[in-house]
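Listed below, chain by chain, are the residues.
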Amino acid sequence: MKKRSTAARPEDERLPIGVTVAYGIQHVLTMYGGIIAPPLIIGSMAGLNGAEIGVLITACLFMGGLATILQTVGIPFFGSQLPLVQGVSFAGVATMGAIVTSGGGLPAVFGSVIVASVIGLVITPIFATVIRFFPPVVTGAVITTIGLTLLPVAASWAMGGDSTASDYGDPSNLLLAVITFVVVVALSKVGIGAISRLSTLLAIVVGTIVAACLGRVDFSAVGDGPILALPSPFAFGMPTFEVAAIISMFIVILVTLTETTADILAVGEIVGTKVDAKRIAAGLRADMLSSAVSPVFGPFTQSAFAQNVGLVAITGVKSRFVVTAGGAVLVVLGLLPVLGRVVAAVPTPVLGGAGIVLFGSVAASGIRTLAKVDYRGTMNLIIVASAIGIGMLPIAAPTIYDRMPDWFTTIFHSGISSAAVTAILLNLLFNHLGRRPGKDASVFAAAPTRSIPVAYLEAFEDGDSIVGGRILDRHGNEVRAGD
């Protein structure tokens, strides 16, 4: 194996081609379930048959790959050049479902995505200027929330993925998840760097082999359908443009911009590289350009995948070219549906076992960032507590906002975006607007960092003092400590 090449920025490191491709496949396996879920849901709501849904999934893989390559490689003004995997965003599933079922169908969805994404592209400079409002107290709270909100996804995968299935939560599913989890942890401990960094991929392979031995892997569908399928422009009809659909989709775009900004800051923190307003703007423009072009081939809005941020954290592989390789794999999967069907055969519980470590590592990265925050004489503890608390509400109680207006639900039903909005607004209120709070402004701000038992204080007499670590009485004589 050739040695790695050094680079001025951690993300610019180049690895041997074989290792790069292997790590790229690992990224694809990590996000594969997430990228195919939205087209499955929307396609079913639109009344598409199995073959049509397959075409929609293939198009999502193809465009996700192109968007990933644009984001990681970058061209002037487009692409953050960070290890971020792009794919169809979950943020708009509810909104797109509402558009589809209200009579507009998929053409109305595509039209709203195109217009809303173009508007998003225009306003990206505004989002890019908010970088100074993302200190560690904000980014740490958001990164922690990203990890915590993803853990229920890992739990659902470990249980089987389909809550309507008869074997959902079956002990055999949990066993596969535990085996995969144990293998990830065990391989991470191995002293060989390549094996340690490929622990997630190898664990998924081992978990799939175990599942096959237990008769839990079905490869029968691999041979169904064409081997090669080129994306067809406007295969589901020409887009139509409805004002109500565009407005609702623009709210989704605002959420997507917020989440992508959080992911860019999160991966920048994990990689240990500089992320400024210019870089955020380039990343957001890549998001919006990809989203605007996607409907031509059938997919929907594109966004950074938070679960892959966790993979960067746990493997320590910071090279953006690894993710570029993953993007190339997605493009190939989009052109060769047979390969996609092979990957789709990986049991969901196996992905769940790997996801526990991946998503937990994102939360751990956020906690590490929060350790840098100064809580003395500030309201930062309130900011962190409020952001994480509000971010976790829709995770703890998924129906909490069901009776709220659609625009509110779109923003706050996402734990990531609600935590980001809360952290940003409170940071503005307490740390930027008006007079900053004094040291006694809050019981939280004034809370001491340590305490001593009252019994010790009662042993002191009038005139006693502590000088240079020694206890002296009022006459200056040292008071010795004893049992």
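Located above this text is the structure these notes cover.
Remember, predicted model here, so these are calculated numbers, not experimental data.

J.: Sorry if this is basic, but what is going on with the nonpolar core here?
T.: Within soluble globular proteins, side chains that are nonpolar generally end up buried alongside one another. Core analysis: the largest hydrophobic core is formed by 96 residues, its most contacted members being Leu-61, Leu-106, Ile-146 and Phe-300. Residue contacts for Leu-106: discarding those within four places in its chain leaves Ile-42, Ala-46, Leu-48, Val-100, Phe-236 and Phe-300. Residues Val-183, Val-184, Leu-187 and Ala-203 belong to the second largest nonpolar core, which totals five residues.

J.: Looking at this structure, how should I read the side chain of Thr-145?
T.: On the secondary structure map, Thr-145 appears in helix α4 (residues 136-159). We classify Thr-145 as buried; its relative accessible area is 0%. In this structure Thr-145 touches Ala-387, Ile-388, Gly-391, Gly-415 and Ala-419, once residues within four positions along its chain are discounted.

J.: Looking at this structure, I do not really get the side chain of Thr-58. What am I missing?
T.: Along the chain, Thr-58 turns up in helix α2 (residues 50-73). Ignoring any residue separated from it by four or fewer positions in sequence, one finds Thr-58 in contact with Leu-333, Gly-334 and Pro-337.

J.: Just to check I follow, could you spell out the pattern of salt bridges for this structure?
T.: If charged atoms from side chains of opposite charge come close, those side chains can pair. Per the counting criterion, the structure on display carries seven salt bridges. Members of the salt-bridge network, linked through shared partners, are Arg-9, Glu-11, Asp-12, Arg-279 and Arg-320.

J.: What exactly am I supposed to notice about the environment of Gln-71 here?
T.: Considering the arrangement of structural elements, one finds Gln-71 in helix α2. Between the C-alpha atom of Gln-71 and that of Leu-84, which follows or precedes it by 13 residues, the distance is 6.9 Å. Once you skip the residues sitting within four places of it in the chain, Gln-71 turns out to touch Gly-79, Ser-80, Gln-81, Leu-82, Leu-84, Gln-86, Gly-283, Ala-286 and Asp-287.

J.: Is there a simple way to think about the packing of aromatic side chains in this case?
T.: Ring pairs (aromatic) are described by centroid distance and by the angle formed between their planes. Going through the model one piece at a time under the given rule, you end up with five aromatic pairs. Their ring planes at 20 degrees and their centres at 5.9 Å tell us that Phe-110 and Phe-300 sit as a pair that is stacked. Here the residue Phe-110 occupies a position in helix α3 (residues 93-128), and Phe-300 occupies one in the loop between α9 (277-293) and β2 (302-304), the gap between them amounting to 190 residues. Site record: aromatic cluster; members linked through ring pairs are Tyr-401, Phe-408 and Phe-412. For Arg-14, the ring lying beneath its charged end belongs to Phe-321, and the centroid distance is 4.0 Å.

J.: It is not clear to me how the environment of Ile-356 should be interpreted in this structure. Could you clarify?
T.: With respect to the helices and strands, Ile-356 occurs in helix α13 (residues 348-370). Remark: the alpha-carbon pair of Ile-356 and Gly-147, spanning 209 residues in sequence, is separated by 9.7 Å.

J.: How should the packing of α4 against α13 be read in this particular structure?
T.: The description of two packed helices rests on the angle between their axes and on the distance between the axes. In contact at an axis separation of 7 Å, α4 and α13 are set at 165 degrees when each is read in the N-to-C sense. Classified by the interaxial angle, the pair formed by α4 and α13 is roughly antiparallel. Between α4 and α13 lies a crossing whose hand is left-handed. Of the residues in the contact of α4 with α13, the class split is 20 nonpolar, eleven polar and no charged.

J.: What is the right way to read helix α8 (residues 243-271) from this model?
T.: Helical geometry note: an α-helix holds 3.6 residues per turn, so side chains three or four residues apart project in the same direction. Its 29 residues place the ends of α8 41 Å apart at the C-alpha level, agreeing with the 42 Å of an ideal helix rising 1.5 Å per residue. Across the 29 residues of α8, 22 count as buried, placing the element largely inside the fold. After α8 finishes, the residue Gly-272 shows a positive phi value of roughly 80 degrees.

Reading the values: the criteria
- Every chain begins its residue count from 1, and numbering advances along the sequence as written.
- This being a predicted model, a pLDDT of at least 70 is required before a residue's local features are given, and a value of 80 or more before pairs of side-chain atoms are given or counted; all residues contribute to the totals for chains, interfaces and linings.
- The basis for every side-chain value is the complete set of heavy atoms in the structure, and neither hydrogens nor water enter the calculation.
- In plain words, nonpolar cores are sets of buried Ala, Val, Leu, Ile, Met, Phe, Trp, Tyr and Cys residues tied together by side-chain atoms within 4.5 Å.
- Buried means the residue's accessible area, taken with a 1.4 Å probe over protein chains only, is under 20% of the maximum for its type, while exposed means over 50%, and partly exposed covers the values in between.
- Contacts are assigned to residue pairs with any non-hydrogen atoms lying within 4.5 Å of each other.
- Numbering of helices and strands runs from the N terminus; a helix is a DSSP stretch of H or I covering at least four residues, while a strand is a stretch of E covering at least two.
- Salt bridges are counted wherever a side-chain nitrogen of Lys or Arg sits within 4 Å of a carboxyl oxygen of Asp or Glu.
- In this scheme Phe, Tyr and Trp rings, the latter by its six-membered ring, pair at centre separations within 6.5 Å, and the angle between planes marks the pair as stacked below 30 degrees, edge-to-face above 60, and tilted otherwise.
- Distance and angle both matter: a charge sits over a ring if NZ of Lys or CZ of Arg is within 6 Å of the ring centre and within 35 degrees of the ring normal.
- Axes here refer to lines fitted to C-alpha atoms; in helices the fit is confined to the stretch in contact. Angles between the N-to-C directions go from 0 to 180 degrees.
- Each angle is binned into one of four classes, with values under 35 degrees roughly parallel, values over 145 roughly antiparallel, values of 65 to 115 roughly perpendicular, and all other values oblique.
- Note: crossing handedness is left-handed where the near helix turns anticlockwise from the far helix by less than a right angle, and right-handed where it turns clockwise.
- Only Asp, Glu, Lys and Arg are considered charged in this grouping, and only Ala, Val, Leu, Ile, Met, Phe, Trp, Tyr, Cys and Pro are considered nonpolar; every other residue, Gly among them, is considered polar.
- In this analysis, the expected span of each helix is defined as 1.5 Å times one less than the number of residues it contains.

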